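Tertiary structure, described
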Number of protein chains: 2
Amino acid sequence: MTSTVQFEHFDALCKEAGITPTHQRLVIWQTLTEMHDHPSPEDVYRRVKSELPTVSLATVYKNIHLFVDTGLFREVSMFHGTLRIETNSEPHHHLVCRKCKAILDLDADDLSGFPLPQHLPEGFVAEQLSIDVLGLCATCRQGKP
Amino acid sequence: MTSTVQFEHFDALCKEAGITPTHQRLVIWQTLTEMHDHPSPEDVYRRVKSELPTVSLATVYKNIHLFVDTGLFREVSMFHGTLRIETNSEPHHHLVCRKCKAILDLDADDLSGFPLPQHLPEGFVAEQLSIDVLGLCATCRQGKP
DNA sequence: TTCAACGACGATAATAATTATCGTTCGAGA
DNA sequence: TCTCGAACGATAATTATTATCGTCGTTGAA
Ligand SMILES: [Mn+2]
Ligand SMILES: [Mn+2]
Ligand SMILES: [Zn+2]
Ligand SMILES: [Zn+2]
């Protein structure tokens, strides 16, 4: 259930983000904060629908994007919309623009000496580190006065 | 053009990976090694088709997956097939299984004290680091005798 | 209070990306 | 040369995402 304090918190977040706090948005935000994993839009839709049976999948998509764009939530492992293949065999990492999703190679030395972590849970075998530096590329930085 | 030495190299790679070296695979592999960015399957298809007009998009997909599965190439920013939303607001990183794509949270302290890189090209403004530790989860490690 | 304006919503069509199916072809080995 | 299974190409099917558009609800001037 939605408490008054939660609603006020969401209201403040929306004001800060410059978006209007609607009922649907509150429920979607609420649902996301109650999950503690990495749901897909479809996952979120299912949950929201159980609370708000008339909600549309499109609304869930629209608002997830809105939340991500305004910084209320993030996405896991930068989603490019399609599989992208690495053709640079040199060890390196990436610079990824959070707006246009441009991918630039980043020399490994600029992020060197990073050891594989030691205390891995549940029998996971680490093989490789994938480091993305997220931010804004020069072009996307322009178009925001 | 494909030189003999390249063909032999590819042949050796296939033997090592346990896959049969076909003509289509050679051309796809060749095309990938000649690109130096992060193409989508569609991008690769377009190029391959110009060399091998009868090739099918399905074949390109099948072989890209084969190459990735056998380690000849990697994918950029682990592709989960759909957008995934981060609902854990604590700063942390991820353990990602390269086979089943399971995502596990990894405490930030296990990968702590990593500074944002300094020498960024082309006016890129870094905001945040996204670190994925890639490997095999316990379950996927079993199913491989 | 009334009522235009506008943003957000829901339904649904359209598009994009990926995968599955299936009949045919190719090539290594008997 | 012949056989058999793997790989291929054509294409249908599925999945994921986005666009369109008519409607609804709220706001804020008159
Ligand atoms: Mn790269
Ligand atoms: Mn997480
Ligand atoms: Zn950009
Ligand atoms: Zn796994």
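Everything below is about the structure printed above this text.
Report follows, based on the coordinates. Quick caveat: nothing in here was measured; it's all calculated off a predicted structure.

1. What to know about the relation of the copies chain B and chain A
- Mapping chain B onto chain A leaves a residual RMSD of 0.1 Å; the transformation is a rotation of 180° accompanied by 0.0 Å of translation along its axis. What the rotation and shift describe, once combined, is the action of a two-fold rotation axis. The position closest to the rotation axis in chain B is occupied by the C-alpha of B:Ile131, lying 2.3 Å away.
- With an isologous cut-off of 70% or more, the 100% of interface residues of chain B that recur at the interface of chain A puts this contact in the isologous class.

2. What about the protein's contact with DNA strand D?
- Taken together, 20 residues form the shell around DNA strand D, and within it A:Tyr61, A:His65, B:Thr20, B:Thr22 and B:Thr59 come nearest.
- In DNA strand D, atoms within 4 Å of the protein come 77% from sugar and phosphate.
- Separating a phosphate oxygen of DNA strand D from a side-chain N or O atom of B:Thr20 is a distance of 2.7 Å.
- Separating a sugar or linking oxygen of DNA strand D from a side-chain N or O atom of B:Gln24 is a distance of 2.9 Å.
- Within the residue set of the surface near DNA strand D, elements represented by two or more residues are helix H4 (57-69) of chain A together with helix H2 (23-34) and helix H4 (57-69) of chain B.
- Here the surface near DNA strand D is built from residues that sort into eight nonpolar, ten polar and two charged.

3. Structural notes on the coordination of the manganese ion (ligand 2)
- For the manganese ion (ligand 2), every protein donor is listed as A:His38 (NE2), B:Glu86 (OE), B:Glu86 (OE), B:His92 (NE2), B:His94 (NE2) and B:Asp105 (OD), and the spread of their distances is 2.2 to 2.7 Å.
- Taking the relative accessible area as the measure of exposure, A:His38 reaches 6% and is therefore buried.

4. What about the interface of chain B and chain A?
- Between chain B and chain A, the residue contacts involve 63 residues of the former and 64 residues of the latter.
- The contact between chain B and chain A buries some 6100 Å² in all, and 60% of this surface belongs to carbon and sulfur atoms.
- The tally of links between chain B and chain A comes to two salt bridges.
- A:Arg98 is the partner of B:Glu127 in a salt bridge, and the nearest nitrogen-oxygen pair spans 2.6 Å.
- Viewed at the interface, chain A and chain B are joined by 36 residue pairs in polar contact (both at pLDDT 80 or more).
- Put simply, the parts of the chain that give the side of chain B that touches chain A at least two residues each are helix H3 (41-51), H4, strand E1 (74-75), strand E2 (85-86), strand E3 (92-97), strand E4 (103-107), strand E5 (125-136) and helix H5 (138-142) of chain B.
- Of the residues forming the side of chain B that touches chain A, the biggest block, twelve residues, is contributed by E5(B).

Rules of the game
Residues numbered from 1 in each chain as written. Chains lettered and ligands numbered in written order. Predicted model: local features only at pLDDT ≥ 70, side-chain atom pairs only at ≥ 80, totals over all residues. Heavy atoms only, no water. Least-squares fit on C-alpha atoms with pLDDT ≥ 70 in both. Contact = heavy atoms within 4.5 Å. Near = heavy atom within 4 Å. Polar contact = N/O pair within 3.5 Å; in protein donor to acceptor, adjacent residues only side chain to side chain. Helix = DSSP H or I, 4+ residues; strand = E, 2+ residues; numbered from the N terminus. Nonpolar A, V, L, I, M, F, W, Y, C, P; charged D, E, K, R; others polar. Donors = N, O, S within 2.8 Å, 3.2 Å for Na, K, Ca; no water. Buried < 20%, exposed > 50% of the residue type's maximum accessible area, 1.4 Å probe, protein only. Buried area = accessible area lost by both parts, 1.4 Å probe. Salt bridge = Lys/Arg side-chain N within 4 Å of Asp/Glu carboxyl O.

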